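Residue-level structure breakdown
Each chain is listed here by its residues.
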Amino acid sequence: MKQAINDLQNVYVEDILKAHHLLKDVVTHTPLQKNEQLSEKYQCNVYLKREDFQVVRSFKIRGAFNKIKQLNPEAIVNGIVCASAGNHAQGVAYSCRQLKIHGKIFMPSTTPRQKVSQVELFGKEFVEIILTGDTFDDAYQKAVECSEAEKRTFIHPFDDADVIAGQGTVAVEILNDADFEIDYVVASVGGGGLISGIGTYFHAISPSTRIIGVEPEGAPALYQSRVENKVVSLDKIDKFVDGAAVKKVGNKTFLICNDVVEEVLLVPEGKVCTTILELYNENAIVAEPAGALSISSLDFLRDQIKGKNVVCVVSGGNNDIGRMQEIKERSMMYEGLQHYFIVNFPQRAGALREFLDEVLGQNDDINRFEYTKKNNKDKGPALVGIELKQKEDYEPLLQRMKKKGFYYKEVNKDSNLFHLLI
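Model, not experiment: these values are computed from the prediction.

1. A few points about the sheet that holds strand β14 (residues 407–410)
Taken in spatial order, the 4 strands of this open sheet run β12-β13-β11-β14, and their pairing is antiparallel. A single partner strand is all that each edge strand has here, and the edge strands are β12 (365–371) and β14. Going from strand to strand, the sheet's axes swing by 25 degrees on average, the running direction of each strand aside. One ladder, built from 4 bridges, connects strand β11 (residues 338–344) with β14; its direction is antiparallel. The residue bridging Asn-344 from the neighbouring strand is Tyr-407, located in β14. Sheet strands in contact with helix α15 (residues 324–334) are β11 and β13 (382–387), and its direction is about 80 degrees off that of β11.

Right under this line is the structure:
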């Protein structure tokens, strides 16, 4: 009898093993590496499953190829279609070229250019890319409409049994490579395909292993669905962690996650940015935001993982170098080192010089300054960005501004004003 978490979900351990056999000559068997710096930092054994080394620099090739390879001839007569924020698109594009199938790929217009270029590279003449909407969910709707209008087979990025089984091959490799008991597996959650596949396999083969899912704080689709005990659609999301920013998880993946995922953690986007920079500077690892989610969560798991064996899935490395300035700024804001103010300078001679000499601390730097009224610089307020060397310098800075009569508004604490000006 087949082993399944729930018959309605239709994802079996045998299907994951079948996918593993089908994919063995297609995907890279990515390494499971112990990371000494993280292990020392968290007083445990941290191992990284390096899916950033994958063929398309993310795990998504596993599910996409497994699904498309098993389509019957009738299903591909008119080609296929998919929606993706980037990595699923690359997996589909690679599969289309390998299997000589035409695919239409719908992606949000906000997708980093690096990911769009990679889709073009992997798919070449076998794919057509359509950029539409601001979010994955916008692109998804257009892809579904295209599927119905052109009779193309829709390749779902996560809520499909064959896709989930393909993603589950990550777990097969982890357990095949580990010569130790695994206490925790931590993986990112977007639509839930990766964590569902991993969780299904571990639930059957290593049931004592705790599966932890991690979502960006600005897109808590699975977390909120678990709170309400049903699949919910979020009204709005922060799109920054593009590989995991979805408004709604899958119906299949939600059911599976309810059975196999021990806990879902939310990590602030700024913390993810700090992790990306640390991985690059300390380990020469280029992780995309979704790829860094699992490692970002270790601070929140510190007490329970002490002395344990922990596997973090680095789910992807498709990071656009053009985003690094934004990543640095988000990290500094999260760490309390970057602050923005609207400052009303007193209408007296030398006010700006007084601000520089007597308000700024010895180690504070102004890294942005612009008058908000270009035609009245002498009397108009200014947008001032200040970088601190340590977060403890923030309160003394505010006290000096008040003492010297510089009236200000903290832009960081006003989300509407922040998004308008920064």
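That covers the picture; the talk isn't over yet.
2. Concerning the packing of aromatic side chains
Summed over the entire model, instances satisfying the criterion amount to 13 aromatic pairs. Judged by centre distance (5.9 Å) and plane angle (45 degrees), the ring pair of Phe-136 and Tyr-140 falls under tilted. One end of the pair, Phe-136, and the other, Tyr-140, are both in helix α6 (residues 136–150), 4 residues apart, so they sit about a helical turn from each other. Residue Tyr-140 is classed as partly exposed on the basis of its relative accessible area, which comes to 26%. On the numbers, 5.4 Å between centres and 70 degrees between planes, the contact of Phe-345 with Phe-355 is edge-to-face. Placement of Phe-345 in the loop between β11 and α16 (351–359) and of Phe-355 in helix α16 is noted, with a sequence separation of 10 residues between them. Phe-355 matches Phe-345 in its accessibility class, with the two residues each being buried.

3. Considering the nonpolar core
In this structure, Ile-174, Ile-182, Val-185, Ile-198 and Phe-202 are the most contacted members of the largest nonpolar core, which totals 50 residues. No other element matches helix α9 (residues 193–205), which puts 5 residues into this core. Apart from residues lying up to four places away in sequence, Val-185 is in contact with Ile-198, Phe-202, Thr-209, Arg-210, Ile-211, Ile-212, Val-311 and Val-313. Membership of the second largest hydrophobic core comes to 32 residues, among which are Leu-38, Cys-273, Leu-277 and Ile-285.

4. Digging into the pairing of strand β2 (residues 45–50)
Among the 6 residues of β2, 5 are classified as buried, and the element is accordingly described as predominantly covered. In terms of strand pairing, strand β1 (residues 32–34) meets β2 through 3 bridges, oriented antiparallel. Considered in β2, the bridge of Lys-34 is made with Tyr-47. By the bridge criterion, 6 bridges tie β2 to strand β10 (residues 309–314) in an arrangement that is parallel. Pairing of Tyr-47 across the sheet is with Val-311, part of β10.

5. Examining the environment of Val-77
Structurally, the position occupied by Val-77 is in the loop between α3 (60–69) and β3 (80–83). Between the C-alpha atoms of Val-77 and Arg-152, which are 75 residues apart in sequence, the distance is 7.9 Å.

6. What to know about the sheet that holds β3
The 4 strands lie next to each other as β5-β4-β3-β6, forming an open sheet whose pairing is parallel. Of all strands in the sheet, those bounded by a partner on one side alone are β5 (127–131) and β6 (153–154). Pairing of strand β4 (residues 103–107) with β5 involves 5 bridges; the strand directions are parallel. Note that in β5 the partner of Lys-104 across the bridge is Glu-128. Helix-sheet contacts for α6 involve β3, β4 and β6, and the interaxial angle to β3 is about 165 degrees.

7. Thoughts on the packing of helix α12 (residues 269–283) against helix α13 (residues 289–296)
The N-to-C vectors of α12 and α13 enclose an angle of 95 degrees; their axes lie 8 Å apart at closest approach. Of the possible angle classes, the one that applies to α12 and α13 is roughly perpendicular. On α13, the residues that touch Lys-271, Val-272, Thr-275, Ile-276 and Leu-279 of α12 are Pro-289, Ala-292, Leu-293, Ile-295 and Ser-296.

8. Quick look at α9
Over its 13 residues, α9 runs 19 Å from end to end, which matches the ideal 18 Å to within 8%, given 1.5 Å per residue. Of all 13 residues in α9, 10 are buried, a share of seventy percent or more. Within α9, burial applies to Gly-193, Leu-194, Ile-195, Ser-196, Gly-197, Ile-198, Gly-199, Thr-200, Tyr-201 and Phe-202.

9. Quick notes on the confidence of the model for the chain
Detailed conclusions should not be drawn from predicted coordinates in areas where pLDDT is low. For the chain, the average pLDDT comes to 93, and 96% of its residues sit at 70 or higher. Low confidence marks residues 1–8, where pLDDT is under 50. Its contacts with residues over four positions away, or in another chain, come to 18 contacts.

10. Looking at unusual backbone geometry
Positive phi is not limited to glycine here, since Arg-57 has a value of about 60 degrees. Along the chain, the position of Arg-57 falls in the loop between β2 and α3. Overall, Arg-57 belongs to the partly exposed group, its relative accessible area being 32%. Unlike most non-glycine residues, Ala-284 shows phi in positive territory, near 55 degrees. Mapped onto the elements of the fold, Ala-284 is located in the loop between α12 and α13. Residue classification places Ala-284 among the exposed positions, given a relative accessible area of 63%.

11. Observations regarding the environment of Phe-369
Examined against the element boundaries, Phe-369 turns out to sit in strand β12. Classification of Phe-369 by relative accessible area gives partly exposed; the value is 30%. Counting along the chain gives 29 residues from Phe-369 to Tyr-340, while the straight-line C-alpha distance between them is 9.6 Å. Not counting chain neighbours up to four residues away, the residues in contact with Phe-369 comprise Phe-345, Leu-352, Ala-382, Leu-383 and Val-384.

12. Some details on the pattern of salt bridges
All told, the structure shown has 26 salt bridges when counted by the stated rule. Salt-bridge contacts for Glu-51 lead to Arg-62; the nearest nitrogen and oxygen are separated by 2.9 Å. Taken as a pair, Glu-51 in the loop between β2 and α3 and Arg-62 in helix α3 lie far apart in primary sequence, 11 residues in all. Using a relative accessible area of 0% as the deciding quantity, one classes Glu-51 as buried. Residue Arg-62 is classed as buried on the basis of its relative accessible area of 0%. With a shortest N-O distance of 3.4 Å, Arg-353 and Asp-357 are connected by a salt bridge. With Arg-353 and Asp-357 both in helix α16 and 4 residues apart, this pair spans about one turn of that helix. Exposure class is identical for Arg-353 and Asp-357. Each is exposed. Bridged by salt links that share partners, the residues Lys-49, Glu-51, Arg-62 and Glu-173 form one connected network.

Definitions and cut-offs
Residues numbered from 1 in each chain as written. Predicted model: local features only at pLDDT ≥ 70, side-chain atom pairs only at ≥ 80, totals over all residues. Heavy atoms only, no water. Pairing = 2+ DSSP bridges. Helix = DSSP H or I, 4+ residues; strand = E, 2+ residues; numbered from the N terminus. Axes fitted to C-alpha atoms, helices over the stretch in contact; angles between N-to-C directions. Contact = heavy atoms within 4.5 Å. Phe/Tyr/Trp six-rings, centres within 6.5 Å; stacked < 30°, edge-to-face > 60°. Buried < 20%, exposed > 50% of the residue type's maximum accessible area, 1.4 Å probe, protein only. Core = buried A, V, L, I, M, F, W, Y, C linked by side-chain atoms within 4.5 Å. Parallel < 35°, antiparallel > 145°, perpendicular 65-115°, else oblique. Expected span 1.5 Å × (residues − 1). pLDDT = per-residue confidence, 0-100. Salt bridge = Lys/Arg side-chain N within 4 Å of Asp/Glu carboxyl O.

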